[in-house]
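A look at the structure
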Amino acid sequence: QRTNSREENMSSFASSSGEASKENKNQPSISQQIKIITPSTSSPWGTIGRTFVLSAVALFSKALLGMFNSTTVSNHETFLRAVTREDRGVDENDDDTKKKRKKPGLITVANHHSTFDDPGVLAYMTPFKFFLTEMFHQNNRWTLCTAEVATANRLVESFILSGKGVPIYRGGGIDQPCMKVMAELVASGRWLQIFPEGKVNREPRGQTPLDQRLKWGLGKILCDVEEMGGEQPMILPFWHSGMDEVKPYEGCKTIFRWGKRVHVTVGEPIDMKQFRGRCGKCKNEEEKGALYAEMMTVVREKMNEVRKKNVVEREEMGIKVSEEEKKKD
């Protein structure tokens, strides 16, 4: 049963259970304050409704970023190959259960600088045909959405779930049910988009390199996928700039700007093979936390490499780069 309190429904991919306990030693955890339910992944409006929602949002995103603003993408072919490849997902057509094999999933990771990064940037980069054919392949991205937004009312909840968004609760920790659901999807070969920062970065663009430790959610998901027997997913990073001007965080939440310049740099897949097999060897939560932190250090370093490339590319294209951004490199 869901609480009606807007404040209690706030969420984030941010906090680990360890972090939450340190900050709220004398307060009940969010899981004690509200009942966090295991989210469904079924579309309230059916397969056709889901295809319609994804296609409509994609069309709006492509118009916003491609017509009313100017957007460029480097290394786009790597993103397209990863997203549209046919070897994702379980081979459900194989009648012999023993021969069915789980195919590798995909996790894309990016910086979070606007409330419209997802679906905006992802929809712009993904072929429109891929949305129109969702009912056949079911391989469009899944994402985690703050419960404050995702459960605002029944209509919004149905719309976001039909758009493959699952609510996550602020302070619920990395052991809340939605994390396991995401791991199950990735283990079955699906695509998940996450923002390792755990929140929209509201600092000026020149202050946005990932200097601080990323949240542990991705590490938890990777370990859960391994424990479920899933193939190791591809981890693909990308960095975007300019979305904070297209959809500023401050001011009216529904106002979009036009005439802005957005540039996206897609990196190469992050090699996480060195962590394979280590998840099951952790003897306690402390060791698991250390492993998650080690995983996220690797992800942070690779994302910062992509960020630096984004800065260089923008300079080469004549896109304004602040002195603060140059100093950070």
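Residues numbered from 1 in each chain as written. Predicted model: local features only at pLDDT ≥ 70, side-chain atom pairs only at ≥ 80, totals over all residues. Heavy atoms only, no water.

This brings us to helix 9 (residues 154–162). Along an α-helix, residues three or four apart share an orientation, since each turn contains 3.6 residues. Turning to helix 9, its buried residues are E157, S158, I160, L161 and S162. The opening residue of helix 9, the one whose side-chain oxygen lies 3.1 Å from the backbone nitrogen of L155, is N153. Count one or two residues on from helix 9 and you reach K164, which has phi positive near 70°. (Buried < 20%, exposed > 50% of the residue type's maximum accessible area, 1.4 Å probe, protein only. Helix = DSSP H or I, 4+ residues; strand = E, 2+ residues; numbered from the N terminus. Polar contact = N/O pair within 3.5 Å; in protein donor to acceptor, adjacent residues only side chain to side chain.)

It is worth spelling out unusual backbone geometry at this point. The general pattern is negative phi for most residues beyond glycine and trans for most peptide bonds. Between D118 and P119 the backbone carries a cis peptide bond, its omega angle lying at 25°. With respect to the element layout, P119 can be found in helix 5 (residues 117–125). Phi is positive for Q138, which is not a glycine, with a value near 55°. Considering the arrangement of structural elements, one finds Q138 in the loop between helix 7 (134–137) and strand 3 (142–146). One non-glycine residue, K164, lies in positive phi territory at about 70°. Take K164: it is sitting in the loop between helix 9 and strand 4 (165–168).

The next subject is the confidence of the model for the protein chain. Interpretation of the predicted coordinates at a detailed level should be avoided for regions scoring low in pLDDT. Predicted confidence across the protein chain gives a mean pLDDT of 84, with 79% of residues reaching 70 or more. Low pLDDT, under 50, characterises residues 1–34; the stretch is placed with 68 contacts to residues that sit more than four places away or in other chains. (pLDDT = per-residue confidence, 0-100. Contact = heavy atoms within 4.5 Å.)

For the rest of this paragraph, the subject is empty space enclosed by the protein. Summed over the entire model, instances satisfying the criterion amount to 3 cavities of 30 Å³ or more. Along its surface, the largest cavity is lined by L222, C223, E226, Q232, P233, M272, F275, R276, C279 and M295. Looking at the lining of the largest cavity, the element that brings in the most residues is helix 11 (residues 217–227), giving 3 residues. Taken together, the residues of the lining of the largest cavity break down into 7 nonpolar, 1 polar and 2 charged. (1 Å grid on protein atoms, 1.4 Å probe; cavity = no way out; pocket = protein on both sides within 12 Å on 5 of 7 lines; lining within 4 Å. Points joined across faces, edges and corners; volume = space filled by probe spheres on them. Nonpolar A, V, L, I, M, F, W, Y, C, P; charged D, E, K, R; others polar.)

What follows is about the pairing of strand 3. Within a regular strand, side chains alternate between the sheet's two faces. Here strand 3 lies mainly inside the structure; 4 of its 5 residues are buried. As paired strands, strand 3 and strand 5 (residues 191–194) are joined by 2 bridges and run parallel to one another. Its bridge partner lying in strand 5, W142 is registered against L192. (Pairing = 2+ DSSP bridges.)

Moving on to the side chain of K164. A relative accessible area of 1% means that K164 is categorised as buried. With residues near it in sequence (within four places) discarded, K164 still touches R50, L54, E134, Q138, N139, N140, R141, W142 and T143.

In this structure, I107, M272 and V299 are the most contacted members of the largest nonpolar core, which totals 38 residues. Breaking this core down by element, the ones donating at least two residues are strand 2 (106–110), strand 3, strand 4, helix 10 (177–187), strand 5, helix 11 and helix 13 (285–316). In this structure V299 touches V109, L214, L218, I270 and M272, once residues within four positions along its chain are discounted. A82, L106, L122 and F195 belong to the second largest nonpolar core, which has 21 residues in total. (Core = buried A, V, L, I, M, F, W, Y, C linked by side-chain atoms within 4.5 Å.)

A complete count under the given rule lists 7 salt bridges for this structure. Notably, a salt bridge pairs K180 with D224, separated by 3.6 Å at the nearest N-O pair. Residue K180 is located in helix 10, and its partner D224 is located in helix 11; the two are separated by 44 residues in the primary sequence. Given a relative accessible area of 35%, K180 falls into the partly exposed group. For K288, the salt bridge is made with E285, and the minimal N-O distance between the two is 4.0 Å. Of this pair, K288 and E285 are both found in helix 13, 3 residues apart, which corresponds to roughly one turn of the helix. By sharing partners, the salt bridges in this structure join D175, K180, K220 and D224 into a single network. (Salt bridge = Lys/Arg side-chain N within 4 Å of Asp/Glu carboxyl O.)

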